[in-house]
Amino acid sequence: MHRFAHISDIHLGAYREPEIRELEKQVLEETVKKCIELRVDFVLVCGDIYHVGIPDLSVVNDSILILRKLQLAGIPLYAIYGSHDYTPNGTSIIDILDTAGILTNVMKSRKDDEGYVILEFTTDPKSGAKIAGISARRVGLESKTYEDLDRKRLESEKGFKIFAFHGGIAELKPTFLSETEAVPISEFPKGFDYYAGGHIHQKDEFTLPGYSKIVFPGPLFTGYGRDIEDTAKGVARGFYVVAFEEKITTVEFVPVKGFDGEFQEFNATGKNSHELMKDLSQRLDRLDVNGKVVIIRVKGELSGGRTNDIDFQLLRRNLLTRGALFVLFNRFSLSTKEFEGNRVSGEDPQTIETSLFKENIGSVKVTQSNLKGDEGAASAIELLKILKQQQKSGETKLGYADRIVKSSVESLNITEEFSQ
Ligand SMILES: [Mn+2]
């Protein structure tokens, strides 16, 4: 009997706050401990180990200290890139961990003479399981990899086979992701024993004709955006353990508790800022928040007053004084009838960024087709991701500027016209 652990979307470093980072570390520690206790043959992570391609070195150091324990226990760690792990140009942390022997990147691809994408299998020495994987890549490029995939070759391989991927499947997409890119299942090779998914931040298991077991573990801890709300509401987080001999015998979800949460939602519609503040402080005062992560969503349109009238700092301080571990107000969907300039609301910053770009891309005059329409909006998001990168410690101002300019030009695919 063999076993492996299937983990996905850890998003280490997604939060700056030390309290959440500490919880994130504990969850990883607990996960590694469970994998060792369960004596799994290997661990497979299907992308987004880190929240960004070049994370804070303190986050990297902490995680290596923990992941090393797998290595010391003789448990190999296999991984593919997630959409957050890759960097538009240059080396990502996943490459460094691969070089250092902490993990093995199992996406090994090449193109044959006819332009087909050939994927090589990675064979786990102890269990004999064969893993083929497709990492997340830039929007557009990824679907091309699937389109050109030599499926026959993958399908004819004998043995216990796992297909690792990071992305949505068109037929299985949850409604909240209906706008993101997805690949039709027909482009996946058939007949693998297990399809190990990542990217979809919602735990689920599926079976489709020809595709026996498709599993998304969802985020291990809490990811970002709406994930922390779901965790606070009590949605289970964790990973899968799959037992197999020649075929799969069991597929089990192993929960890992991140924190005790409290989620509250307030609708501001019909209230003025003064009334909302009163409502917030009264209801929050009644909550038992001791030792909990408290997430509060405030939405709707105030009938009067400004959103700035709500003293969120004061409300937060009160909750912390009463023992809350961490407090987060999501007020991206709060607006007011009174004029406040060009304010856009949405569920979280990512949604707001995407809809802003999509709304405004039409007003940008460009000749390059990849900078127009939805693809243009995707490029803009890509560019924003690069521009958010901070200067690394030890990096000169000039080096920093150079790196940002180079990555930006490359991400927009305008290298040829600009290279001199
Ligand atoms: Mn993710």
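Residues numbered from 1 in each chain as written. Predicted model: local features only at pLDDT ≥ 70, side-chain atom pairs only at ≥ 80, totals over all residues. Heavy atoms only, no water.

All told, the structure shown has two cavities of 30 Å³ or more when counted by the stated rule. Each pocket or cavity is described by its volume, and for the largest cavity that value is around 90 Å³. What lines the largest cavity is Ile 7, Ile 10, Leu 28, Thr 31, Val 32, Cys 35, Val 43, Val 45, Ile 49, Leu 67, Leu 70 and Leu 77. Put simply, the parts of the chain that give the lining of the largest cavity at least two residues each are α1 (18–37), β2 (42–46) and α2 (57–72). Counting residues per element, the lining of the largest cavity draws most heavily on α1, which supplies four residues. In terms of residue class, the lining of the largest cavity is made up of eleven nonpolar, one polar and no charged. Reported here for the second largest cavity is a volume of approximately 40 Å³. Looking at the second largest cavity, the residues that line it are Ser 281, Leu 284, Asp 285, Leu 315, Asn 318, Leu 319 and Arg 322. Taken together, the elements giving at least two residues each to the lining of the second largest cavity come down to α7 (273–285) and α8 (312–321). (1 Å grid on protein atoms, 1.4 Å probe; cavity = no way out; pocket = protein on both sides within 12 Å on 5 of 7 lines; lining within 4 Å. Points joined across faces, edges and corners; volume = space filled by probe spheres on them. Helix = DSSP H or I, 4+ residues; strand = E, 2+ residues; numbered from the N terminus. Nonpolar A, V, L, I, M, F, W, Y, C, P; charged D, E, K, R; others polar.)

Attention shifts here to the sheet that holds strand β12 (residues 194–196). The strand order β7-β8-β9-β12-β14-β13 describes an open sheet built from six strands, whose pairing is mixed. Among the strands making up the open sheet, the edge pair consists of β7 (122–123) and β13 (204–208). Bridge analysis of β12 against strand β14 (residues 211–216) gives two bridges, and the strand direction is parallel. When the bridges of β14 are listed, Ala 196 appears paired with Val 215. (Pairing = 2+ DSSP bridges.)

Take unusual backbone geometry next. Phi is positive for His 11, close to 55°, though the residue is something other than glycine. A positive phi is found at Arg 39, a non-glycine position, where the angle reads about 50°. With respect to the element layout, Arg 39 can be found in the loop between α1 and β2. Here Arg 39 falls in the exposed class, since its relative accessible area comes to 67%. (Buried < 20%, exposed > 50% of the residue type's maximum accessible area, 1.4 Å probe, protein only.)

A few words on the packing of aromatic side chains. The full count for this structure, using the stated rule, is 19 aromatic pairs. Where Phe 163 meets Phe 188, the ring centres are 5.4 Å apart and the plane angle is 65°; that geometry is what we call edge-to-face. Of this pair, Phe 163 sits in strand β9 (residues 161–165) while Phe 188 sits in the loop between β11 (182–183) and β12, and the two are 25 residues apart along the sequence. Residue classification places Phe 188 among the buried positions, given a relative accessible area of 1%. Look at Phe 165 and Phe 188: their rings are 4.9 Å apart centre to centre, the planes differ by 90°, and that puts the pair in the edge-to-face class. Of this pair, Phe 165 sits in strand β9 while Phe 188 sits in the loop between β11 and β12, and the two are 23 residues apart along the sequence. Following the ring pairs from residue to residue traces out a cluster consisting of Phe 121, Tyr 146, Phe 163, Phe 165, Phe 188, Phe 192, Tyr 195, Phe 206, Tyr 211 and Phe 216. When the ring centre of Phe 253 is taken as origin, the NZ or CZ atom of Lys 203, which lies over that ring, is 4.4 Å away. (Phe/Tyr/Trp six-rings, centres within 6.5 Å; stacked < 30°, edge-to-face > 60°. Lys NZ or Arg CZ within 6 Å of the ring centre and 35° of its normal.)

Okay, the domain arrangement of the protein next. Size of an interface, as often reported, equals the accessible area lost when the parts are brought together. Here the protein is described as being made up of domain 1 (2–255), domain 2 (261–347) and domain 3 (351–418). Placing a centre on the C-alpha atoms of domain 2 and another on those of domain 3 gives a separation of 33 Å. (Domains from an automatic or database assignment.)

Time to look at the coordination of the manganese ion. Coordination of the manganese ion by the protein involves Asp 9 (OD), His 11 (NE2), Asp 48 (OD) and His 201 (NE2), with metal-donor separations of 2.0 to 2.3 Å. Here the donor residues of the manganese ion are spaced in sequence according to D-x1-H-x36-D-x152-H. Here His 11, found in the loop between β1 (2–7) and α1, pairs with Asp 48, found in the loop between β2 and α2; they are 37 residues apart in sequence, far enough to count as distant. With respect to burial, His 11 and Asp 48 carry one shared label: buried. (Donors = N, O, S within 2.8 Å, 3.2 Å for Na, K, Ca; no water.)

Now for the sheet that holds strand β4 (residues 104–105). Judged by pairing direction, the sheet is mixed, and its six strands sit side by side in the order β4-β3-β2-β1-β15-β16 without closing on themselves. Bordering the open sheet on either side are β4 and β16 (248–255), each of which pairs with just one other strand. Pairing geometry for β1 and β2, over four bridges, is parallel. What sits directly across from Ala 5, in β2, is Val 43. Packing against the sheet, α1 makes contact with β1, β2, β15 (238–244) and β16, and its axis sits at approximately 15° to β15. (Contact = heavy atoms within 4.5 Å. Axes fitted to C-alpha atoms, helices over the stretch in contact; angles between N-to-C directions.)

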